[in-house]
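Geometric and topological summary
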Amino acid sequence: MNKLLVLIINDMVIFPNNEVRIEYDNNYDKQMVDIVDHIEDNLMLIVNPIDNSDIRLTSFPKYGILGRLKLKMNVPNGKTRIVIEGLDRVSLSSIVEDGYYFRANYSEIDILEDDECKNYFHILVKELEHYVTKIPTMGNAIMSQLSGMDSLSELCDLIASFLPLKYEDKKKYVTTIQPIERAKYLLEDMNRELKFAELEQKIEREVEKELDKTQKEYFLREKIKLMQKEIGDDNNKDTDVERLNKKISKLKCSSKVKEKIKRELDRYDSLNSNSPELGMIREYLDWMVNLPWNHYTKDTDDLVKVKNILDSSHYALGEVKDRILEYLAVKQNTNNLRSPILCLVGPPGVGKTSLALSIAKSLNRQAAKISVGGINDEAEIVGHRRTYIGANPGRIIQGIRKAGTANPVFIIDEIDKMTKDIKGDPASSLLEVLDPEQNSKFSDHYIEEDFDLSNVMFIATANYVEQIPYELRDRLEIITISSYTEYEKLDIAKRHLIPKQLDEHGLTSLQVQIDDDAIMSIIQNYTKEAGVRELERNIATLFRKIVKNILLNKDVLFYKIDTALVEELLGKKKYFYTENDTVNEIGVVNGMAYTVFGGDILPIEATLFKGKGNLILTGSLGEVMQESCHIALDYVKANMDTFGIDASLFEENDIHIHVPEGAVNKDGPSAGGTITTALISLLKKQFVDKNIAMTGEITLRGRILAIGGLKEKVIGAHRANIKKVIIPFENEKDLDEIPVEIRNDIEFITVRNYSEIYHIIFEG
Ligand code: ADP
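Each value, and the rule that gives it
- Numbering of residues starts from 1 in every chain and runs along the sequence as written.
- Totals for whole chains, interfaces and linings use all residues, but because this is a predicted model, local features are given only for residues with pLDDT of at least 70 and pairs of side-chain atoms are given and counted only at 80 or more.
- The basis for the side-chain values is all heavy atoms of the structure; hydrogens and waters are excluded.
- Strands are runs of DSSP state E lasting at least 2 residues, helices are runs of H or I lasting at least 4, and numbering of each runs from the N terminus.
- The atom set for the radius of gyration is the C-alpha atoms, and the globule formula is 2.2 Å times the number of residues raised to the power 0.38.
- Burial classes: relative accessible area under 20% of the type maximum marks a residue as buried, over 50% as exposed, and values in between as partly exposed (1.4 Å probe, protein chains only).
- Note on contacts: a residue pair is in contact if any heavy atoms of the two residues lie within 4.5 Å.
- Accessible surface is estimated by sampling points in the Shrake-Rupley manner with a 1.4 Å probe; for residues, cover comes only from the protein chains shown.
- Positive charges come from Lys and Arg alone, negative charges from Asp and Glu alone, with His and the N- and C-terminal ends not counted.
- In plain terms, the charge of a residue is placed at NZ if it is Lys, CZ if Arg, CG if Asp and CD if Glu.
- Salt bridges are identified by distance alone: a Lys or Arg side-chain nitrogen within 4 Å of an Asp or Glu carboxyl oxygen.
- Strands pair, by our definition, only if DSSP identifies at least two bridges between them.
- Helix axes are fitted only over the stretch in contact, all axes being lines through C-alpha atoms; the angle between N-to-C directions runs from 0 to 180 degrees.
- By convention here, the domain bounds are inherited from an automatic or database domain assignment.
- Buried area, as used here, totals the accessible surface that two parts lose on assembly, with accessibility defined by a 1.4 Å probe and the loss added over both.
- When two rings of Phe, Tyr or Trp (its six-membered ring) have centres within 6.5 Å they constitute a pair, described as stacked for plane angles under 30 degrees, edge-to-face for angles over 60, and tilted for the intermediate range.
- Ring-over charges, as used throughout, are those where CZ of Arg or NZ of Lys falls within 6 Å of the ring centre and within 35 degrees of the ring normal.
- Note on definitions. A residue lies near a molecule or strand when any single heavy atom of the residue is within 4 Å of it.
- Side-chain atoms alone can form a polar contact between residues adjacent in sequence; in general such a contact is a pair of N or O atoms within 3.5 Å, and within protein one must be able to donate a hydrogen while the other accepts it.
- Asp, Glu, Lys and Arg are counted as charged, while Ala, Val, Leu, Ile, Met, Phe, Trp, Tyr, Cys and Pro are counted as nonpolar; the rest, among them Gly, fall into the polar class.

A count of helices and strands for the protein gives 29 helices and 24 strands. The globule rule puts the C-alpha radius of gyration for 764 residues at 27 Å, and the 37 Å found for the protein is more than 25% above it. Its C-alpha atoms put the protein at 115 × 70 × 65 Å along the principal axes. Burial status across the protein gives 50% buried among its 764 residues. Considering only intrachain contacts with a sequence separation of at least 6, the fraction spanning at least 24 residues in the protein is 74%. For the protein, the accessible surface area stands at approximately 38200 Å², while carbon and sulfur atoms represent 48% of it. Each charge class in the protein can be summarised by its mean position, and for the 99 positive and 124 negative side chains these summaries are 4 Å apart.

In C-alpha cells:
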C-alpha cells in the first residue's frame, strides 16, 4: 500500500464525519502548499502532534484521522481555501520523513460496541439534551444530527466536535480509541461547563440586584471575557468587533447598508468561537466594511493636462483621446453626466489596456482591471450566494474593492472571449453591469446590497468586434484601433518605448543610442505582430544585455546600436515575410491576407494535370475559402467563351488549387477574385504580373464585394514590394486610412465586377 502524506495540525482537531475549512497563504504555508500539490487520490493522514513545539517523528501519536480533500479553491490575496472531510480514525505506522513532509502507513481500527456502550450512548444523549438547554451558545443544531445514530463512537465524535474546548483538551478525543473512555471524558467536560454556566447565572442574578445598568454591562462584558478565556475561547473576537464597529461608524454607505452590517456584526458577536458560521460572517463583514461605499475621486477638469498625459503615454490613437476629452468637456458644461462605455477593439499589443490605464491616470481616477476571457459562469460576474460553500463576490465587486473608490476606470479585458453554457450566460450578467438604467443598483449575490456603479467609467477591450456578444455590442461605443505600420512602430519605439525602457534599465540616451535602421530591423526581423508588445520586449532584451556588458566590461561606457549589434545581441533573425516571387509564373497570383500579426501577401497557386474534371484543394483551407474555390471555378466555366478557354480542358483534367504560407489562417471569402484569376491564368496559359496583388470576394455572377482589413493588407503588400493593388469599389472609402507614404508608392484600382479585373490582367 502506498504511504499517504501526513498533514500536521496544531491548532484544531478534525473528527470522522466532520468537515473543516482551512485557508492558507500560498507564500507562507509551505506545508499546506506541498501537501495539496502532492496529494494522491485526495487522501491524507491528519495528525495532531503530542508536543507542538517540537515536531519530529517521535512526537507523533499512534492514531490520527484519515482525511479527504473535498474542495480546493483560490481566494483573493494569494490564498487558497480547502475543505477537508474526516473519514475515519486510523492507526499510524512506519512514519518517514520525505523532503519537506512526512508520509505514513495506516490501518483501520475495529471497534466493537457491546451492551455497555449502548448504556453509555443513552446516558450521553440525556446529558447532551440537558447541556443544550443550559448552555445558550451551544444551539440545538446538534440534536437534529442524532437521528438514526446508534454508534457510541460516532456520537462521541459528534459531541466532541461541537464542544467549545481548548485545542489541547480536544486532542485526546482523537487518540482515545475506546468509545466508553471518550464518553467518560465527555461527561466530565460537559459537567465542568455546566457548573460554569450555573456560576454565571448566579453571578448574573446578584449583579442584577446590585449594579446599575452601565456598570452591569461593563461587568457582564468583562465576565464573558473571563469565562471565554476559561473555556478556551480567548481569541480576539472582542477587539475584532471593536475594530469593525469603528470602521462602520466611518463608512459613508446608506443607512440601509449600515443597518445590515450592524445586524451581521451582532450575529458575529453572539456566535460561539467554534461555530462553523463564524469565519463566513467575518469574511462577509470584511467585504462590507472594505467596499468604497460612496467614496469618489474628483475628476481632473483641466482638459489640457488630460490631453498632455494621454499624448505623452501613447502615440496616435486620436479617436479614443478625443472621446475622452469630449466627455470631460461636456461634463464641465453640465452637472450630471454618465460615463461613456467605451470598447477598444484591435489586435493584441496595440495599446488598448495601457491606454485605458493612462485614461485613469489622466482623469485622476483609480483603475481596476479584470479579464472575462474564457469565463462561462455568471457567478464570476455577479458572485455566489452566501449559502454556497466557498462563496465570494463576483469580479466586478472584487475589482471595485481593489480600486478603493466607487468611480474608477474599470477595464474589462477580452469581452469577446466569454462563453455560454449551462452555468449561465455571463454576457447577460455583464449587461446589467454596463446598463446605465440598472447599474446604479448593481446587486452582487454575495454582497446582497445594492452598489452604485453608475459613476464607474467602463472600458472594455476586444480583439474581434464580431465576437462580442450582440446584446453587449449594442451598449458599447466601439472604437477600433488597427495595426500599426512599420513607420508608426518606428515612431512609437523612438518616442515612447525606447525612452521608457531606457528609464526602466537605469540607462540614459547619452549612454545608448539606437539608429533607425536598427529599430527597423527589430521590427521586420524579430517581431511579427500588429501591435508593439514584442517590439518592446526585444528593446528591453537589448538594454538588459547592454546593462550587463556595461557592468562586466567597464571600458565601454557608450553604445551605439546598429543592425549588426542588434543581430549580435538578439541572435539570428526570426521572421521573414512572404517574399514576392522574382519571376512571373502561370497560375500563380498574389492575394492579400489579414491576420492578427498584421497583413501579408498570400500567393495562390493553381495547376492542372490529366484527370476527370475533379477539383483538389490543399493548404488547410477553411470552409468559406473552399466555397470560394468552387464559386471561382464555376464562374470561370460559365464564362469560358468570354475568357477564351477550351471546354475540353475542364473535362480531361483535374485542377489543383493550393495556398502556401503555413502561418496564415486561411478562411474568409476575400480571396475569391484572386482564385478566379489564378484559374484563368492557368487555363489560358497566360502570366500574371507578380507586382500586382488583389483582394475581393466574388459572386457566381462575377460581382466583386467588399472585404475587411484593407489597411493591414495594403501595408503587407507594400512590404512585399507590390506596385499595383486591385480592390473592391466599396472599399475605396477605406483608402483614407492608409498612411500617405504607402499610398504614394502603390497604384490602386477599384473594381465592381470581375470583367474589369480580367481586362486589367489579361487584356491590359
Ligand atoms: P493591448 O491591450 O492592446 O494588447 P497593451 O496596452 O498591453 O496592448 O500594449 C502593449 C505595450 O505596447 C504597452 O507597453 C504599451 O505601452 C505599448 N504601446 C502600444 N501602443 C502604443 C502607442 N500607441 N504608443 C505608445 N506605446 C504603445
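Quick look at the pattern of salt bridges now. Across all of its chains, the model carries 37 salt bridges by this definition. Salt-bridge contacts for D115 lead to K118; the nearest nitrogen and oxygen are separated by 3.8 Å. You can see D115 and its partner K118 sitting in helix α2 (residues 115-134), three residues apart, about one turn around the helix. According to the relative accessible area criterion, K118 is exposed, its value standing at 52%. A salt bridge links K171 to E168, with the shortest nitrogen-to-oxygen separation between them at 3.3 Å. K171 gets classed as buried once you look at its relative accessible area, which sits at 11%.

What follows covers the sheet that holds strand β12 (residues 457-462). An order of β8-β9-β12-β7-β13 is seen for the five strands of this open sheet, with the pairing classed as parallel. Edge strands, defined here as strands with exactly one partner in the open sheet, are β8 (367-371) and β13 (477-480). Adjacent strand axes in the sheet meet at a mean angle of 20°, parallel and antiparallel pairs treated alike.

A word on the domain arrangement of the protein. When the domains of the protein are assigned, the result is domain 1 (2-108), domain 2 (236-290), domain 3 (303-480), domain 4 (505-570) and domain 5 (588-763). Between domain 2 and domain 3, the C-alpha centre-to-centre distance is 30 Å. Contacts between the two partners involve eleven residues from domain 2 and, on the opposite side, eleven residues from domain 3. Between domain 2 and domain 3, roughly 1100 Å² of surface is buried when both sides are summed, and carbon and sulfur atoms account for 50% of that area. Three residues stand out in domain 2 for area buried against domain 3, namely K260, Y284 and W287, and they jointly supply 53% of the buried area on that side. Between domain 2 and domain 3 we count five salt bridges in total.

Let us look at the packing of aromatic side chains. Under the counting rule described, the total for this entry stands at ten aromatic pairs. Judged by centre distance (6.1 Å) and plane angle (80°), the rings of Y173 and Y185 are edge-to-face. In this pair, Y173 sits in helix α6 (residues 172-175) while Y185 sits in helix α7 (residues 179-210), placing the two residues twelve residues apart along the sequence. Each member of the aromatic cluster is reached from another via a ring pair, and the members are Y635, F643, Y754, Y758 and F762. Over the aromatic face of Y284 sits the side chain of R386, whose NZ or CZ is 3.6 Å from the ring centroid. In this arrangement the basic side chain of R752 is found over the ring face of F729, its NZ or CZ atom lying 3.7 Å from the centre.

This part covers the site of the ligand. K352, T353, S354, R533 and E536 are the nearest of the 19 residues found near the ligand. One of the side-chain nitrogen or oxygen atoms of T353 is found 2.5 Å away from an oxygen atom of the ligand. The separation between an oxygen atom of the ligand and a polar side-chain atom of E536 is 2.5 Å. In the complex, 89% of the free accessible area of the ligand, which totals 560 Å², lies under the protein chains. Broken down by secondary-structure element, the contributors of at least two residues to the shell around the ligand are α14 (352-363), α19 (486-504) and α21 (533-552). Of the residues in the shell around the ligand, the class split is eight nonpolar, seven polar and four charged. Composition of the shell around the ligand by domain shows at least three residues from each of domain 3 (303-480) and domain 4 (505-570).

With respect to the secondary-structure elements, L186 resides in helix α7. Considering only alpha carbons, one finds L186 and L565, 379 residues apart in sequence, at a separation of 80 Å. Those residues within four positions of L186 in sequence are excluded, and the remaining contacts are L124, C156, I159, A160, L163 and Y173.

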